[in-house]
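Understanding the architecture of this molecule
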Amino acid sequence: MKSNTTPVTGKASGSAFRARIRFALTALIVIAVYYWSIQGIRFEGIQGTAGTVSKSILQGFLHPDWSFVYIPEGEDLLRGLLDTLVISILGTVVAAVVCIPFAFWASTNMSRRLAVSGSGKIALSVIRVFPEIIVAILFIKAVGPGSFAGVLALGIHSVGMLGKLYSETIENIDRGPQEALIASGANRLQVLRYAVLPQVIPQFLSYSLYRFEINIRSATTLGLVGAGGIGTPLIFALQVRNWNRVGIILLGIIALVVLTDLVSGWLRKRIT
Amino acid sequence: MIEFDNVTKVYANGTVGLRNINLTIREGELVVIVGLSGAGKSTFLRSINRLTDITSGDIRVNGQSVTRASGSQLRRIRRDIGMIFQSFNLVKRSTVIRNVLSGRVGYHSTLRTLLGWFPKQDVELSLDALQRVNIREKAYVRSDQLSGGQQQRVSIARALAQEARVILADEPVASLDPLTTRQVMEDLKRINRDMNITTVINLHFIDLAREYATRIIGLRAGEVVFDGTPEEATDEAFAEIYGRPVQQDELLGGA
């Protein structure tokens, strides 16, 4: 018994020692990286006007410009928010449909060769590389400023993420129904329609709604670069330091995000 | 009628699934395949509708070669062969009737099935099939709401709606409790008798095999080592098939 336990504890203390070394090394690297990053920025101290600016920002939030909520001639809060909502709905729908072929392309269980699904996965990664704000700037150059550029930017960017999530859903389906359909004489499309789609569609919808929640947040920033939505009046108000207007716009964004989150969350719970 | 002509199956890794099988299963027979796991029972069954390709030889179902059939020809042959699986293989979140109807897709054009337009007769056929296995009242319930035994009956109904002339069942009761096991076996037996559907079942319970089969085929290492009536399948014969005496867990009990 004794001779049996001794080598075990010896081995255990050996690996404990190695774990401690590894921890020390990791800590050292993290500290080094952090130190290097701090070196990278120049800290210029707080501006002398910081106090007054902060106070006026706070004043703006406490006294939002209610008159901006609705202006009959247009360019008001409600229309800006509506624009943002429309951009994110359209962008999400575009992505939810466009990413379906990509998802099947990238799923390992939908093609025999690994090269096929591998290239699909790479394509989706490439689409995901740029944040929507960069994509939006590119599209503004292509189609001009406005909501359409915003829709395209959100749509294209969401394809990357949704395609990945969809393809993971496809990879996780139960193969049994496919086999049953093949055995009953179904062709490939019929197998897809009756064994694959019923298993993945609810999950697809759920992911699309989740992406919609993300897109509504992104859509508020798209206006900052001129791609439509509530971001445009926000950046104008910021530039002229109209803090009361900034306050009402931010309040509006909060209301919109909370509301859409509630609705989308409720829908997602009902789906699955 | 199912004919095996010198059928051999060797897997890519060198494992022999079937070794030179020659036999004929006549119309209306209820054949039970027995053997240890790994003896080739599943390979035998799945080669009949070519879910598994054989290496050499020929398999004919109702006179048509499954081995040589291709594309639409193979699908036409498969349409006449219903299959029942150990894990039921239903789309769990679809309704029962959807699952049963999916057995009908081989009869219609791709476009029509993609749109989901099943003729009224198909729906009636499916409901009748459910009636036959006594779960018609569950037709519009989601499949995952059903018990294991009920789900297996849905998959039997799917094979019936398919108007299959042959039913293959791969360990159909392996994931069921003893009581539902008997109900499902009774369903299969009744369908075999009443509708004269040739039925081939893989089982590992030898008392069930004796009780329900009209013919028992024993496989060992891919070879047919027994082929006879249930009366001939004595404990000694099973010991021969298994290469060792029969064990208690190979009996379902409670007959």
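The shown structure was predicted, so the numbers you read here are calculated from the model rather than taken from an experiment.

1. Description of the packing of helix 3 (residues 77-106) of chain A against helix 6 (residues 147-171) of chain A
All names here are of chain A.
- Two numbers describe how helix 3 lies on helix 6: the axes approach to 5 Å, and their chain directions differ by 40°. It follows that helix 3 is oblique to helix 6 by the angle criterion. Helix-helix and strand crossings are classified by hand; for helix 3 and helix 6 the assignment is right-handed.
- Here the contact of helix 3 with helix 6 is composed, by residue class, of 18 nonpolar, eight polar and two charged.

2. Quick notes on the domain arrangement of chain B
Residues and elements named next belong to chain B.
- Looking at the assigned domains, one finds that chain B contains domain 1 (1-80 + 168-179 + 198-244) and domain 2 (92-164).
- For domain 1 and domain 2, the distance between their C-alpha centres works out to 26 Å.
- At the junction of the two partners, domain 1 supplies five residues and domain 2 supplies seven residues.
- Between domain 1 and domain 2 lies a buried interface of about 510 Å² when both sides are counted; carbon and sulfur atoms form 51% of it.
- Ranking the residues of domain 1 by area buried against domain 2 places Arg79, Asp80 and Leu176 at the top, with a combined share of 83%.

3. Side note on the UniProt feature "transmembrane region" (unreviewed entry) in chain A
Residue and element names in this part refer to chain A.
- The residues that UniProt annotates with the feature "transmembrane region" (unreviewed entry) are residues 21-38, 85-106, 219-240 and 246-267.
- Here residues 21-38 runs as 100% helix and 0% strand, with 26 Å between its end C-alpha atoms.
- A helix fraction of 100% and a strand fraction of 0% characterise residues 246-267, whose end C-alpha atoms lie 32 Å from each other.

4. Things to note about the sheet that holds strand 4 (residues 56-61) of chain B
All names here are of chain B.
- Taken in spatial order, the four strands line up as 2-1-4-5 in an open sheet, and their pairing is antiparallel. Since the sheet does not close on itself, it has two edges, and those belong to strand 2 (16-25) and strand 5 (64-65), each with one partner.
- Here two bridges tie strand 4 to strand 5, and the two strands are oriented antiparallel to one another. By the bridge assignment, Arg60 is partnered in strand 5 with Ser65.

5. Points about the UniProt feature "domain: ABC transporter" (unreviewed entry) in chain B
- Taking the numbering used here, the UniProt-annotated feature "domain: ABC transporter" (unreviewed entry) corresponds to residues 2-246 of chain B.
- As annotated, residues 2-246 of chain B comprises 36% helix and 24% strand, and the C-alpha atoms at either end are separated by 29 Å.

6. Considerations on the pattern of salt bridges
All names here are of chain B.
- Under the defined criterion, the tally for this structure stands at 26 salt bridges over all chains.
- Ionic pairing is found between Glu3 and Arg60, a salt bridge with its closest N-O pair at 3.5 Å. Taken together, the residues span a long stretch of sequence, with Glu3 in strand 1 (residues 2-10) and Arg60 in strand 4 at a distance of 57 residues.
- For Glu3, a relative accessible area of 17% puts it in the buried group.

Rules used in this analysis
- Residues numbered from 1 in each chain as written.
- Chains lettered and ligands numbered in written order.
- Predicted model: local features only at pLDDT ≥ 70, side-chain atom pairs only at ≥ 80, totals over all residues.
- Heavy atoms only, no water.
- Axes fitted to C-alpha atoms, helices over the stretch in contact; angles between N-to-C directions.
- Helix = DSSP H or I, 4+ residues; strand = E, 2+ residues; numbered from the N terminus.
- Parallel < 35°, antiparallel > 145°, perpendicular 65-115°, else oblique.
- Left-handed = near helix turned anticlockwise from the far one by under 90°.
- Nonpolar A, V, L, I, M, F, W, Y, C, P; charged D, E, K, R; others polar.
- Domains from an automatic or database assignment.
- Contact = heavy atoms within 4.5 Å.
- Buried area = accessible area lost by both parts, 1.4 Å probe.
- UniProt positions renumbered as here; feature names shortened; annotations may be inferred.
- Pairing = 2+ DSSP bridges.
- Salt bridge = Lys/Arg side-chain N within 4 Å of Asp/Glu carboxyl O.
- Buried < 20%, exposed > 50% of the residue type's maximum accessible area, 1.4 Å probe, protein only.

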